[in-house]
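# Descriptive structure summary
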Amino acid sequence: MAMIARNASGSLTEALDALIPGDGIWPKASAVVDPARVLEALSLADRDWLSGVLTESADFPARWHDVDGHPAFQRLLNALYDTYYTAPATQPQIRRLAETSPRDPDPRFDSAILVRSKERNIPMTLQNSKTGITLASPPDVSPAPTYEHGARCGDFIYVAGQVARDENGNWVGVGDARAQAEQVYRNIGRVLAQFGAGPEHVVKINAIMVDRADRDAVTAPRLAFFGDHRPPHTGIVIAGLGSPEVKIEVEVVAYLPQSRP
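Each chain carries its own residue numbering, running from 1 in the written order of its sequence. Per-residue local features of the predicted model are confined to residues with pLDDT of at least 70, and side-chain atom pairs are confined, for both listing and counting, to 80 or more; whole-chain, interface and lining totals are unaffected and use all residues. Calculation of side-chain values draws on the structure's entire complement of heavy atoms; hydrogens and water are dropped beforehand.

## Quick notes on the overall build of the protein chain
In this text, helices come from DSSP runs of H or I with a minimum length of four residues, and strands from runs of E with a minimum of two, each type numbered from the N-terminal end. Helix and strand counts for the protein chain come out as eight helices and eight strands. Three exposure classes are used, based on accessible area relative to the maximum for each residue type with a 1.4 Å probe and protein chains only: buried under 20%, partly exposed in between, and exposed over 50%. When each of the 261 residues of the protein chain is scored for burial, the buried share is 42%. Only heavy atoms enter the contact rule, under which two residues are in contact if any of them lie within 4.5 Å. When contacts within the protein chain are restricted to residue pairs at least 6 apart in sequence, long-range pairs at least 24 apart make up 64% of them. Accessible area for the protein chain stands at about 13600 Å²; split by element, carbon and sulfur atoms hold 53% of it. Each accessible area value is a Shrake-Rupley result obtained with a 1.4 Å probe; residue values ignore everything except the protein chains displayed when judging cover.

## Looking at a nonpolar patch on the surface
Together, Phe-156, Tyr-158, Val-203 and Tyr-255 make up a nonpolar patch on the protein surface, roughly 350 Å² of accessible area in all. Within the secondary structure layout, Val-203 lies in strand β6 (residues 202-209). Patch definition: residues with relative accessible area over 30% and no salt bridge; like charges joined within 9 Å; nonpolar side chains (Val, Leu, Ile, Met, Phe, Trp, Tyr) joined within 5 Å. One speaks of a salt bridge when a side-chain nitrogen belonging to Lys or Arg is within 4 Å of a carboxyl oxygen belonging to Asp or Glu.

## Points about the packing of aromatic side chains
Pairs were defined over the aromatic rings of Phe, Tyr and Trp, the Trp ring being its six-membered one, requiring ring centres within 6.5 Å. Orientation was assigned from the angle between planes: stacked under 30 degrees, edge-to-face over 60, tilted for the rest. The tally for this structure, following the rule as stated, stands at five aromatic pairs. Look at Phe-156 and Tyr-255: their rings are 5.2 Å apart centre to centre, the planes differ by 55 degrees, and that puts the pair in the tilted class. Linking Phe-156 in strand β5 (residues 156-162) with Tyr-255 in strand β8 (residues 248-255), this pair joins segments that are 99 residues apart in sequence. A centroid spacing of 4.9 Å and a plane angle of 85 degrees characterise the contact between Phe-225 and Phe-226, whose relative ring orientation is edge-to-face.

## Let's talk about the confidence of the model for the protein chain
One rule of thumb: low pLDDT means the predicted coordinates there are not for detailed reading. You can read pLDDT as the predictor saying how much it trusts each residue, on a scale of 0 to 100. Here the protein chain averages 80 in pLDDT, while 77% of its residues score no lower than 70. With pLDDT under 50 throughout, residues 1-10 is counted as low confidence; its partners more than four residues away or in other chains account for eleven contacts. Here residues 101-123 is a poorly scored stretch, pLDDT under 50, and it has 48 contacts once near neighbours within four places are set aside; other chains count.

## Thoughts on the pattern of salt bridges
Scanning all chains against the criterion turns up six salt bridges. Between Asp-214 and Lys-247 there is a salt bridge, with its nearest N and O atoms 3.2 Å apart. Placement of the pair is Asp-214 in the loop between β6 and α8 (215-226) and Lys-247 in the loop between β7 (233-237) and β8, with a sequence separation of 33 residues.

## A few points about the nonpolar core
As a rule of thumb, soluble globular proteins bury nonpolar side chains together. By nonpolar core we mean a set of buried residues, namely Ala, Val, Leu, Ile, Met, Phe, Trp, Tyr and Cys, connected to one another through side-chain atoms within 4.5 Å. Residues Trp-49, Leu-50, Trp-64, Phe-73, Leu-76 and Leu-80 are the most contacted members of the largest nonpolar core, which totals 27 residues. Elements with a contribution of two residues or more to this core: α1 (2-19), α2 (35-40), α3 (44-56), α4 (60-67) and α5 (71-85). Here this core takes seven residues from α5, the largest share from any one element. Excluding residues within four positions of it along the chain, Leu-50 makes contact with Leu-12, Leu-39, Leu-42, Trp-64 and Leu-76. Of all hydrophobic cores here, the second largest spans 25 residues; its members include Val-141, Val-218, Ala-254 and Leu-256.

## A closer look at the pairing of β5
Counted residue by residue, β5 has five buried out of seven residues, so it is predominantly covered. DSSP-based pairing: two strands are paired if at least 2 bridges between them are found. Once strand β4 (residues 150-153) ends, the chain turns through two residues before running back antiparallel as β5, passing Gly-154 with a positive phi of about 65 degrees. The pairing of β5 with β8 spans five bridges and is antiparallel. Looking across to β8, one finds that Gln-162 is bridged to Val-250.

## Some remarks on the environment of Gly-169
Along the chain, the position of Gly-169 falls in the loop between β5 and α7 (177-194). Excluding its chain neighbours within four sequence positions, the residues that come into contact with Gly-169 are Arg-37 and Ser-142.

## Some remarks on α7
A rise of 1.5 Å per residue sets the reference length of α7, with its 18 residues, at 26 Å; its end C-alpha atoms lie 26 Å apart and thus fit the reference within 8%. The buried fraction of α7 amounts to 13 of the 18 residues, a majority that puts the element mostly inside the structure. Any pair of nitrogen or oxygen atoms within 3.5 Å is treated as a polar contact; in protein, a donor-acceptor pairing is required on top of that, and neighbouring residues in sequence qualify only through side-chain atoms on both sides. The backbone nitrogen of Arg-178 has a side-chain oxygen 3.1 Å away, supplied by the residue at the start of α7, namely Asp-176. To estimate the expected span of a helix, subtract one from its residue number and multiply by 1.5 Å.

## Remarks on the packing of α3 against α5
One can describe the packing of α3 onto α5 by two numbers: an axis separation of 10 Å at closest approach and a directional angle of 100 degrees. On the basis of the axis angle, α3 is roughly perpendicular to α5. Counted together, Asp-46, Trp-49 and Leu-50 of α3 and Ala-72, Phe-73, Arg-75 and Leu-76 of α5 form the full contact between these two elements. For every element, the axis is a line fit to its C-alpha atoms; helices are fit only across the contacting stretch, and the angle between N-to-C directions ranges from 0 to 180 degrees. The labels follow the angle: roughly parallel below 35 degrees, roughly antiparallel above 145, roughly perpendicular from 65 to 115, and oblique for the rest.

## Some points on α3
End to end, α3 covers 19 Å across 13 residues, agreeing with the expected 18 Å (1.5 Å per residue, within 8%). Of the residues making up α3, those classed as buried are Asp-46, Arg-47, Trp-49, Leu-50, Val-53 and Leu-54. Taken end-on, α3 shows its buried residues confined to a sector of 160 degrees, consistent with a single buried face. Residues of α3 that are exposed and angled more than 90 degrees away from the buried face: Leu-44, Ala-45, Asp-48, Thr-55 and Glu-56. Throughout, the arc means the angular range of directions from the helix axis out to the C-beta atoms.

## A look at the side chain of Arg-222
Along the chain, Arg-222 falls in helix α8. Charged residues are defined narrowly, with Lys and Arg counted positive, Asp and Glu counted negative, and His plus the chain ends left uncounted. One buried charge, Arg-222, has no salt-bridge partner; the nearest side chain with opposite charge is Asp-216, at 8.5 Å. Apart from the residues lying within four places of it in its own chain, the contact partners of Arg-222 are Tyr-185, Ile-205 and His-233.

Written as structure tokens, this is what we have:
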């Protein structure tokens, strides 16, 4: 990473600006993103690949077109978008999008309405009158650029996989599985609360880890979060998650009847 930053930092800045050039509303990448943060999200192999791309060509729009099918390029895009759309400088634009509901033209949400909750300062809830699905994200969970953190369909609530980012998009507990799990379950609690639910309403947990040795470390925060409620749990160990910082990601399903007898 140091070699890329020292020998090609200017080129990397130009390369990122070619991917997000900015317009009258959104700033260009270099005005928002620290290239070092993008590099931190990439593996050593991906950084080597990127270094080669930067060395071979300065014509980045054309160069990116040549490599846009490469897996490392997709991971670079993910790292860039993740950093860009969680940066403080882009939050006013994201809030403006929430208030004007630009997604209404999407045929999946032809009848969507934007609902603002002044009591809880919830930035966005999309309700689809055709399907009965409600999508929502709480203000105290770092926004995801391409999806909402929670969905309600009938009596069930689905919470997207949560990782250890705080409300400002900063990583929590890098290298510490227990600290990450605590933040993960904190985020899950906030998403559930968005729909009026709590840990006691969860009926299924899926936890994904990158190191089997972290099993005990991540179990303690789960038991503390759920208390005496012990819903079914599936633990999966895989080679890697979306960012190298992530040691655990957890998604849950909750059951909360909309009308009780």
